[in-house]
Amino acid sequence: MADHYAPLRSGTDIPFIGGMINYALENNLIHKEYVAKYTNASFIVKESYKFEDGLFSGYDEAKRAYDKTLWAWETTEDGKPVKDETLEHPRSVFQLMKKHYSRYDVDTVTSVTGTAKEDYLKVCEMFCSTGKAGKSGTIMYAMGATQHTVGTQNVRAYAMLQLLLGNIGLPGGGINAMRGESNVQGSTDFALLYDTLPGYLNMPKATVPENATLAGHLAKETPKSGYWTNRPKFIVSLLKAWYGPNATAENEFGYQFLPKGNKNYSHINLFNAMYKGELEGAFLFGTNPVVGGPNAGKEKEALANLKWMVAVDLWETESSAFWQKGAGSDPSKIKTEVFLLPACSSYEKEGSVSNSSRWMQYRWQAIKPLGESKADLEIMNELMLKIKALYKNESTPAAKQVNAVYWNYGEKEVDIDLVCKEINGYDTTTGKLINGFGSLKDDGTTCSGNWIYCGFYPEEGKNLAQRRDNKDTGLSMYLNWSYAWPMNRRILYNRASADPSGKPWSKEKQVIWYDELQQKWTGYDVPDFVATKKPTDPGFSDPFIMIADGVAGMYAPTLNDGPFPEHYEPYESPIPNPFSSQEINPAIQLFDGDFNKRGFKADYPIVATTYRVSEHWQSGTMTRNQEWLSELVPYMFVEISEELAKEKGINNKDEIIVTSARGEVKAYAMVTKRFKPHTVNGKKIHQIGMPWHFGYKGIATGDTANRLTPHIGDANTTIPEYKAFLCDVRRA
Amino acid sequence: MTKYIKYVDVTKCDGCRACMVACKNWNDLPADPQDFQGSVQSHPKVSADTWNVMQYIEHENGKGDLEYLFRHSACFHCTDAACEKVCPENAISYSKYGTVVIDQDKCVGCGYCVQNCPFEVISLKEYVDKNGDKYRKSQKCTMCTDRLEEGLQPACVTTCHTGSLEFGEESAMIKKAEQRVKEMKDRFPNAQVYNPQGVGGTHTIYVLAEKPSVYGLPENPKVPTSAVIWKDYAQPIGKMMIGATTMAVVGAFVTNNIISKRKALKEDRGEDHE
Amino acid sequence: MSNQNKPDVQVRRFSKGFVWAHAINGIAFFALYITALPMYTEFFDWLYPVLGGPEGARLLHRIFAVIFCTPTLIYLIFDRKGFFRWMKELVTWKKRDLQFFTEFVKELFGFNFKHVRQTFFNAGEKINSIIQILCAILIIFSGFTMWFPQFFPRAIVQWGYVLHNVGFGLGIAVIVGHVYLSVVHKNSRPGYSGVVTGKVPAWWANDHYTEWYEEEVKKGNFPDLNDPKYKKEA
């Protein structure tokens, strides 16, 4: 149960956190040495960096993009950043940050977020008290932070606050994503996102000339310092895993077989292309865009433009049945050929899931799959073997790519253990498993399907993800329970828990420390670097080894929408942006026309947000088909405040209609004290909330909330802005 | 035998309702869908097919702050159980664990227990037999007595992921509850242990964040006085009275016969009876 | 008075309305008794299979419960006068009524006794009536709360169980005596046929309900048993 609750208007996280940053700086509550030594706060930014009226320098309005080179920092002749560890230089990141967030004073912030001032101050005071050594605080977030046009910057703001307070790399610290499902971490690690390869390697785009050759790509991608200097080893090992004997030094380890797409293949863009008739077919693996996608009504229409669609799911979903009458379609007019492949559930198959703490936990089959259903791995294996057979005798470029793939996971039945071994990696000549990514090579003698996981299967018969030793190895680390990438490390960047000399900042929060006697690092966790290196060895006082400069990014000149998080109102907002004349994030991609109608305050004065309930999962496919879960949350509902209900003449349990520029849904009104109108700029702004689980299939059915949400995404990830849009409500 | 009880710390509950699903799963109970309740709560209260229900309460405390309170509600398994007292068929009994269980073979569905439970956690379920005839049985949480017999904990306790539910040795649990209330006093000044003595204590004790009445719980529940009068006085006296009158008429029958015979003898001797 | 020389003149003691009401009341009472027995005590659990299980017993109990409520109405509708006389007698108590009880006990056990002058109902019957009326009220009203608990506050239902139980225990105790006297006991046996046929021997009526009998004689409804013609006949 919360000790303190401070609600905010949806879409105002940056003011909320920005105000806390300002509070910490103003009241000198920061962990100064940590900030100076372990972050880029000391770096000097070039004079070309500017920030005026909500815009950073280098903005190109036509492209809706920035020239990020203007945000770079000054470097010495050998390419090292120029620093001022006193943090006094007016162009130091620290001073720029201080200036930037001085605009986020408590009164301005609370007038934007609608949070009661005393509640907000209490949060500031409580959380910023963790800036002291010996204390730590954590920030846990989920889609409420990320599903905004400023989603990436919301999380960046968390990171900055935590860095200022010295809360990263310590027990009880960090920023922790509460995953929406058991394997989001795993899916991202394994490149579910369109622009990465497994292990967060960048997908080479053909638009970058250097990517024409492997050598060029490696040169471009490999920084001069930090752990990523090892990147060529990871890339070559990945190519060896995928192309096996077909990857040789002579053919750039099969680099040319890799597809090099140039576009933004995010969800919204894929459906936009589909809507325009640019896509022929689609595979929906356990995804249900007709319920889960933004502006879901349009996504349903888009599916009808496909020639074929393969849905792989446990049940017939609203998406796989988009052509049916129940979906509001006319089956005689839909030409899409739809295949539904029955998939089995996690209990019917073997494999692993990776949680938010990066633990790769192996799970075993509990029961045999029901009916004809199959595990995803079996479906993929069969599919790939069929495709390979079809292309076997062709020599087109597509056939070459397909034929080059080294696909060898068992003769009759797919053997998941072989997949595990390939993910870990092995010596391509001896077949011996690799003990960790430190042993990977860039000469083609090792392979690894995902370098960050290399080490979970260090030797034959020793799949560490299968470990289930629940004995506390100290500080609740449980080092012998499953396997945490990288190298079973439980706290990422744990070097930051000790000062530059290797001494923990405090006794209470000590994780690892340098033991002079043993001449090595020791402690409760696996050190985030070679344990025998002295703290003073070059580069080994830099805790953030995965970042080129070895320090954390208080300032991020790589993001599309600015090096510092700045508040912009959501795509649909009830008020003008009080911080600048830029209403919405200037760097987001806009979709217009019928694909994305935009609503305005005059017609839709109420802020709406969507969320999930613990009883239903995602689009509800797995839970709304389950009686015991369906009875717990059986109806689509909308939570509205007592004040709004009174204004609209709505009684609890009434059926109401919620409308947005894109559609309308019918639902039960749940009038609750838990929603209260926000006072924003002195005016009353109502906010409502609703679950997005419902659709017309299954036991518990209801209207789909996403018929209301817009096709607009974050400037960096294009994650849709599900969490803040405008609507109106009336009695049904 | 060591006494084991269920410990419910509502201040640790996050309202996920896994306890409700685990209960249905273990006890093989069917879904029992209800109309929209106007709140997050799925069922108004426990029922014959839903043995535990998560309560969701929007409570404004003395300071005017909103507290969103949860409570896992189920049978309390009283030490002095009114249901056990009033059951006319002795279908309700205390197991060796102190849990109060209903013998489904003996239950005749009279509903006396339903009406007399001070916590209102017993319900009648209607069944249809193979001839299409309806019959009823009383149903409630069994504290998974069948699991206890196998050395397992109740299903709701096993599934609870916040530590809100525990099952353990009575004195340890009570100590824990008292300790927790002390910890919570700043946050919830009305926090208290709920282990009502009016029913001799219960085998489910609570750490409540607010007064019992906020959760719809009786402040001082006891076996209804009517049940005591009924079962401890009225029924035994009634039985005695029936016995007494029966004895009286039997006595009358006998004496009448004897006297009649005597009279017959006297008349034979020519004596007049008047 | 000797048994040998009684005139077999019959007089109407009860109307048809009363006879029916009494019969229905009696049958319903025993049906209710039988259908409730297995719940009253486990000793009679063997009755469940006979009654069609607990559900059968419950159903029968409820059918007879409804029937049990009707005699008052039948009596009231078909013999209004009789009903009010009954009511009036129940509230009329005189010294001799108390005397009746001492003599009654003697009669009950077959000892010598003398008749105390009584009106239409003797004091014993009045006591029986009063107790049965009270029990019936208790049982009917408490039964109603038990049948439809959803319409009553729980406390009322809970007390209903007690009252049903008390009403039943008391009622059955009195009924045992009542039935014994009418069916088994030799001195009151004519009362039994009386309550079935409505008619009783005149001499018996005259002995047991002297005052009533004499009133009826005065009205010219009943024969005067002191009239020598009856004695002659005898």
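The rules behind the values
Residues numbered from 1 in each chain as written. Chains lettered and ligands numbered in written order. Predicted model: local features only at pLDDT ≥ 70, side-chain atom pairs only at ≥ 80, totals over all residues. Helix = DSSP H or I, 4+ residues; strand = E, 2+ residues; numbered from the N terminus. Rg over C-alpha atoms; globule rule 2.2 N^0.38 Å. Buried ≥ 20, exposed ≤ 12 C-beta atoms within 10 Å, placed from the backbone. Contact = placed C-beta atoms within 7 Å. Pairing = 2+ DSSP bridges. Domains from an automatic or database assignment. Nonpolar A, V, L, I, M, F, W, Y, C, P; charged D, E, K, R; others polar. Axes fitted to C-alpha atoms, helices over the stretch in contact; angles between N-to-C directions. Core = buried A, V, L, I, M, F, W, Y, C linked by C-beta atoms within 7 Å.

1. Digging into the overall build of chain A
The helix and strand tally for chain A stands at 18 helices and 26 strands. Its C-alpha atoms give chain A a radius of gyration of 26 Å, within 12% of the compact-globule value 27 Å for 732 residues. Its C-alpha atoms put chain A at 75 × 70 × 55 Å along the principal axes. For chain A, with 732 residues in total, the buried portion stands at 46%. Counted over contacts in chain A with a minimum sequence separation of 6, partners at least 24 positions apart contribute 69%.

2. Observations regarding the pairing of strand S13 (residues 359-363) of chain A
Residue and element names in this part refer to chain A. In the sheet, strand S12 (residues 351-354) pairs with S13 via four bridges, with the strands oriented antiparallel. Note that in S13 the partner of Val353 across the bridge is Gln361. Between S12 and S13, which pair antiparallel one after the other, the connecting turn spans four residues, and Arg358 there sits at a positive phi close to 70°. Relative to strand S16 (residues 483-484), S13 runs antiparallel, the two sharing two bridges. Looking at the pairing, Trp359 lines up with Ala484 of S16.

3. Things to note about the domain arrangement of chain B
Per the domain assignment, the segments making up chain B are domain 1 (4-222) and domain 2 (224-274). The C-alpha-based centres of domain 1 of chain B and domain 2 of chain B are spaced at 50 Å.

4. Looking at the interface of chain A and chain B
Opposite the 19 residues of chain A that make contact, chain B presents 17 residues. Contributions of two or more residues to the side of chain A that touches chain B are made by helix H17 (627-630) and strand S22 (663-672) of chain A. Across the side of chain A that touches chain B, the residue classes tally to eight nonpolar, four polar and seven charged.

5. Focus on the interface of chain C and chain B
Counting from both sides, the interface comprises 29 residues of chain C and, opposite them, 35 residues of chain B. Within the residue set of the side of chain C that touches chain B, elements represented by two or more residues are helix H3 (53-68) and helix H8 (154-184) of chain C. For the side of chain C that touches chain B, the residue count by class is 18 nonpolar, seven polar and four charged.

6. A closer look at the sheet that holds strand S10 (residues 308-313) of chain A
Residues and elements named next belong to chain A. Taken together, three strands build an open sheet; the order of strands is S9-S10-S11 and the sheet is parallel. The sheet is open, and its two edges are formed by strand S9 (281-285) and strand S11 (337-342), each paired on a single side. Direction aside, neighbouring strands of the sheet carry axes that sit 10° apart on average. Two strands pair when backbone bridges link them, and S9 and S10 are joined in this way by five bridges, in the parallel orientation. Of the residues in S10, the one forming a bridge with Gly281 is Trp308.

7. What to know about the nonpolar core
Membership of the largest hydrophobic core comes to 99 residues, with the highest contact counts inside it found for A:Met20, A:Ala24, A:Val93, A:Leu161 and A:Leu164. Each residue touching A:Leu161, except ones within four places of it in the same chain, is listed here: A:Ile17, A:Met20, A:Ile21 and A:Ala24. Judged by nonpolar contacts, the second largest core, of 96 residues, contains B:Val86, B:Ile92, B:Val114 and B:Val199.

8. Re the arrangement of the chains
There are two pairs of chains in contact here, and the one with the most contacts is chains B and C. With no contact between them, chain A and chain C keep their nearest C-alpha atoms 24 Å apart.

9. Details of the environment of A:Glu348
All names here are of chain A. Mapped onto the elements, Glu348 comes out in the loop between S11 and S12. Spatially, the C-alpha atoms of Glu348 and Asp415 are 15 Å apart, while their sequence positions differ by 67 residues. Residues contacting Glu348, with those up to four places away along its chain left out, are Gln365, Ile367, Lys368 and Pro369.

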